[in-house]
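What follows is the residue order along each chain.
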Amino acid sequence: MKLSTTLLTLSVLAAGSALAEPVAPSDVQFDDYGAVAESLTGQTGDPAKGAEVLSKRSLGNCVACHQVSALPDVPFQGNIGPMLDGVGDRWNEAELRGIVSDAKKTYPGTMMPSYYRVDDFIRVGNAYTGKAAEGALDPLLTAQQIEDVVAFLVTLKD
């Protein structure tokens, strides 16, 4: 009887975590160094999906700036940002989550996009084209996509 109660409790907890809302971009808690300790979704990311987000032009397109030897079939990898080989040894999961969410919290002068940020942007488009987006912006990646990318990055060990 006790085992079935434990299993029921675990299944209720699992169902509750699956239903949890992702952390809103404006509610992400960065530490003093830009790390984000808590998952944005309450769920573990999928490394295979993270590799897809990292390499697809229509998603994160991280390979436009970074090189990743673990993705040899992805063409036209960049060399503007640091090579991502061994990134899982250099930073922990919280630090990687912070960098992918908003690298400007860790590296203020970086040109890396803030993938999970929606406010405090300078919209210069109106000054040049008159076509700057109005109102709230969506993040470039979803909370789950951030978790998937982080799950892939932590696998990149030397």
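The paragraphs below set out a description of the structure included in this document. Throughout, a residue's number is its position along its own chain's written sequence, starting from 1. Owing to the predicted nature of the model, reporting of local features is limited to residues with pLDDT of at least 70; listing and counting of side-chain atom pairs is limited to 80 or more, with chain, interface and lining totals taken over all residues. Only hydrogens and water are removed before side-chain values are computed, so all heavy atoms of the structure are retained for them.

Now for the nonpolar core. Residues L54, V68, L71, I146, F152 and L153 are the most contacted members of the largest nonpolar core, which totals 28 residues. Where helices and strands are cited, they refer to DSSP runs of H or I of at least four residues and of E of at least two residues respectively, numbered from the N terminus. Mapped onto this core, the elements with two or more residues apiece are α2 (47-55), α4 (93-102) and α6 (143-153). Here this core takes six residues from α6, the largest share from any one element. Setting aside chain neighbours within four positions, we find L153 in contact with L54, L84, V87, G88, L96 and V100. In this text, buried Ala, Val, Leu, Ile, Met, Phe, Trp, Tyr and Cys residues form a nonpolar core when linked through side-chain atoms within 4.5 Å. Each residue gets one of three labels from its accessible area relative to the maximum for its type: buried under 20%, exposed over 50%, partly exposed in between, using a 1.4 Å probe on protein chains only. The contact criterion used throughout is that any non-hydrogen atoms of two residues lie within 4.5 Å.

It is worth spelling out the pattern of salt bridges at this point. For this analysis, a salt bridge means a side-chain nitrogen from Lys or Arg found within 4 Å of a carboxyl oxygen belonging to Asp or Glu. On inspection of all chains with the given rule, the structure shows three salt bridges. With a closest N to O distance of 2.8 Å, R97 and E147 form a salt bridge. Taken together, the positions of R97 in helix α4 and E147 in helix α6 put the pair 50 residues apart, joining distant regions of the chain. Judged by relative accessible area, E147 falls into the buried class, the value being 2%. What emerges from the salt-bridge pattern is a single network uniting E93, R97 and E147.

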